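Close look at the chain arrangement
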Amino acid sequence: MSHWVHAPVLIDTETSEVLLDLGDSPWDLRGAKEEGRAILLTLAHYPDGNKEYELLLYPDAGTMAVGGCEYPLARAAEILKTALP
């Protein structure tokens, strides 16, 4: 069985700076919405894909929150590998 995985990439359209790049990862974007100046991403991790995780991005501050902890947004891929089961 195969699945399409929609790995998110977040780019600042004014500066063309890549803020988040999960393009080469098994993270599937299930949903995204703005919450004030933050962006809430709902992700699933493959190959399981059944459990969803929420990642709150603060692009202006260059940070993200996951699992109740705040991290630098530039380390998102690395943090996601270790912070979530």
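The structure this text deals with has already been given above.
Residues numbered from 1 in each chain as written. Predicted model: local features only at pLDDT ≥ 70, side-chain atom pairs only at ≥ 80, totals over all residues. Heavy atoms only, no water.

1. Regarding the pairing of strand β3 (residues 27–35)
As paired strands, β3 and strand β4 (residues 38–45) are joined by eight bridges and run antiparallel to one another. In the sheet register, glutamate 34 faces β4, and the bridge partner there is isoleucine 39. (Pairing = 2+ DSSP bridges. Helix = DSSP H or I, 4+ residues; strand = E, 2+ residues; numbered from the N terminus.)

2. As for the packing of aromatic side chains
Inspection of every chain in the model, using the stated rule, returns one aromatic pair. Each ring, one from tryptophan 27 and one from tyrosine 53, has its centre 5.6 Å from the other, and the planes form 80°; the classification is edge-to-face. One end of the pair, tryptophan 27, is in strand β3; the other, tyrosine 53, is in strand β5 (residues 52–58), with 26 residues separating them in the sequence. Residue classification places tryptophan 27 among the buried positions, given a relative accessible area of 4%. (Phe/Tyr/Trp six-rings, centres within 6.5 Å; stacked < 30°, edge-to-face > 60°. Buried < 20%, exposed > 50% of the residue type's maximum accessible area, 1.4 Å probe, protein only.)

3. As for the sheet that holds β5
Strand order in the open sheet formed by five strands is β3-β4-β5-β6-β7, and the pairing between neighbours is antiparallel. Taken across any chain shown, the strands that pair with only one partner, and hence form the sheet edges, are β3 and β7 (69–72). Averaged over neighbouring strand pairs, the angle between their axes works out to 25° when direction is ignored. As judged from the six bridges shared by β4 and β5, these two strands associate in the antiparallel manner. Bridging from a neighbouring strand, leucine 40 pairs with leucine 56 of β5. (Axes fitted to C-alpha atoms, helices over the stretch in contact; angles between N-to-C directions.)

4. As for the side chain of threonine 42
Among the structural elements, threonine 42 can be located in strand β4. Among the residues examined, threonine 42 registers a relative accessible area of 15% and is labelled buried. Residues contacting threonine 42, with those up to four places away along its chain left out, are Asp28, Leu29, Arg30, Gly31, Glu52, Tyr53 and Glu54. (Contact = heavy atoms within 4.5 Å.)

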